[in-house]
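# Chain and residue survey
Below are the chains, spelled out letter by letter.
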Amino acid sequence: MPGMWWVVGVVVLAAIFSAYLGWTAQRVERLHTRARSAERALDAHLLRRAAAAAVVAEQADAMELYAAARLALDADPGERESAENDLTRQLRAVVLDPADPAVRTLIATSRRVVLARQVHTDLVRDALSARRRVFVRLLRLARRYPRPSYFDIVEPALPDLPLPIPVPAAPPEDVLPVQVL
């Protein structure tokens with residue numbers, strides 16, 4: 001009977017180890033999936049920003065800004081970072097009027113780009129960290145996923161949108177005021 005406990009112990013350890021490997025493989029898959037989704041979301045926000053910049057450039061008759069926006073819209077994946085950085089430089093050089101609805105759209109989309117890039121960077125960092133774990137490397141758990149990469153662009157610095165001044169609502173006429181004793 002004493003030999004039986006060794007078998008039970010080995011089986012329990014094997015079950016715990018396989019559960020850990022399954023959890024690790026699932027985590028690696030989930031992180032890579034989330035990194036790919038964040039990359040697609042960042043790409044969509046960058047396209048919206050470039051389209052909004054093209055509209056602003058057409059209204060302001062800024063040919064260099066329009067050219068940079070068109071390059072960002074039409075850039076191949078390998079040229080995307082430099083095209084987006086050029087668009088950001090052009091946006092910084094143009095004087096923008098926050099009262100214009102097209103400029104407000106451009107500012108809002110630029111803020112979304114910043115947030116999407118932060119999310120993307122965090123998820124890529126997490127996925128790369130998971131790839132460096134010992135069991136992930138030894139068992140090659142990340143081999144079927146492409147290695148995620150950072151998207152390095154200059155943060156757009158655009159003017160702040162003026163916040164609307166909240167107007168206090170008048171109390172309804174049928175409500176009686178409360179007296180404090």
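Coordinates for the structure precede this section.
An account of the accompanying structure is given in this report. If you're wondering where the values come from, they're calculated on a predicted model, not measured in any experiment.

## Description of the overall build of the chain
Scanning the chain from N- to C-terminus turns up five helices and zero strands. In sequence order, the chain lays out its α and β elements as α-α-α-α-α. The 181 residues of the chain split such that 32% are buried. At a minimum sequence separation of 6, the contacts of the chain that also span at least 24 residues come to 76%. Accessible surface, the chain as shown: approximately 12500 Å² in total, 62% of it carbon and sulfur.

## A few points about the side chain of Arg 49
With respect to the helices, strands and loops of the structure, Arg 49 is situated in helix 1 (residues 2-60). Given the relative accessible area of 0%, Arg 49 is considered buried. Those residues in contact with Arg 49 that sit more than four places away from it in its chain are Glu 84, Leu 87, Thr 88, Leu 91, Leu 106, Thr 109, Ser 110, Val 113 and Pro 156.

## With respect to the side chain of Thr 24
With respect to the helices and strands, the residue Thr 24 is situated in helix 1. Accessibility expressed as a relative area gives 5% for Thr 24, which makes it buried. The residues contacting Thr 24, other than those within four sequence positions of it, are Val 136 and Leu 141.

## A closer look at the environment of Asn 85
Mapping Asn 85 onto the fold places it in helix 3 (residues 80-93). For Asn 85, a relative accessible area of 15% puts it in the buried group. Each C-alpha atom of the pair Asn 85 and Asp 152 lies 8.7 Å from the other, and the pair is 67 residues apart in sequence. With sequence-adjacent residues up to four places away left out, Asn 85 is seen in contact with Asp 152, Ile 153 and Val 154.

## Quick notes on the nonpolar core
With 20 residues, the main nonpolar core has Ala 53, Val 56, Leu 65, Leu 87, Leu 91 and Leu 106 as its most contacted residues. Mapped onto this core, the elements with two or more residues apiece are helix 1, helix 2 (63-74), helix 3 and helix 4 (101-131). At six residues, helix 1 tops the list of elements feeding residues into this core. In contact with Leu 87, other than residues within four places in its own chain, are Arg 49, Ala 50, Ala 53, Leu 65, Ala 68, Ala 69 and Ala 72.

## Some thoughts on the packing of aromatic side chains
This model, assessed by the stated rule, comprises three aromatic pairs. With 5.3 Å between their ring centres and 75 degrees between their planes, Phe 17 and Phe 135 make a pair best called edge-to-face. A residue pair is termed long-range when its members are at least 10 positions apart, and Phe 17 in helix 1 and Phe 135 in helix 5 (residues 134-138) qualify at 118 residues.

## With respect to the environment of Glu 29
Tracing the backbone shows Glu 29 in helix 1. Residues Glu 29 and Arg 144, spaced 115 residues apart in sequence, show a C-alpha to C-alpha distance of 9.2 Å. With sequence-adjacent residues up to four places away left out, Glu 29 is seen in contact with Arg 144 and Tyr 145.

Each value, and the rule that gives it
- Residues numbered from 1 in each chain as written.
- Predicted model: local features only at pLDDT ≥ 70, side-chain atom pairs only at ≥ 80, totals over all residues.
- Heavy atoms only, no water.
- Helix = DSSP H or I, 4+ residues; strand = E, 2+ residues; numbered from the N terminus.
- Buried < 20%, exposed > 50% of the residue type's maximum accessible area, 1.4 Å probe, protein only.
- Contact = heavy atoms within 4.5 Å.
- Areas by Shrake-Rupley, 256 points an atom, 1.4 Å probe, with all protein chains shown as cover.
- Core = buried A, V, L, I, M, F, W, Y, C linked by side-chain atoms within 4.5 Å.
- Phe/Tyr/Trp six-rings, centres within 6.5 Å; stacked < 30°, edge-to-face > 60°.

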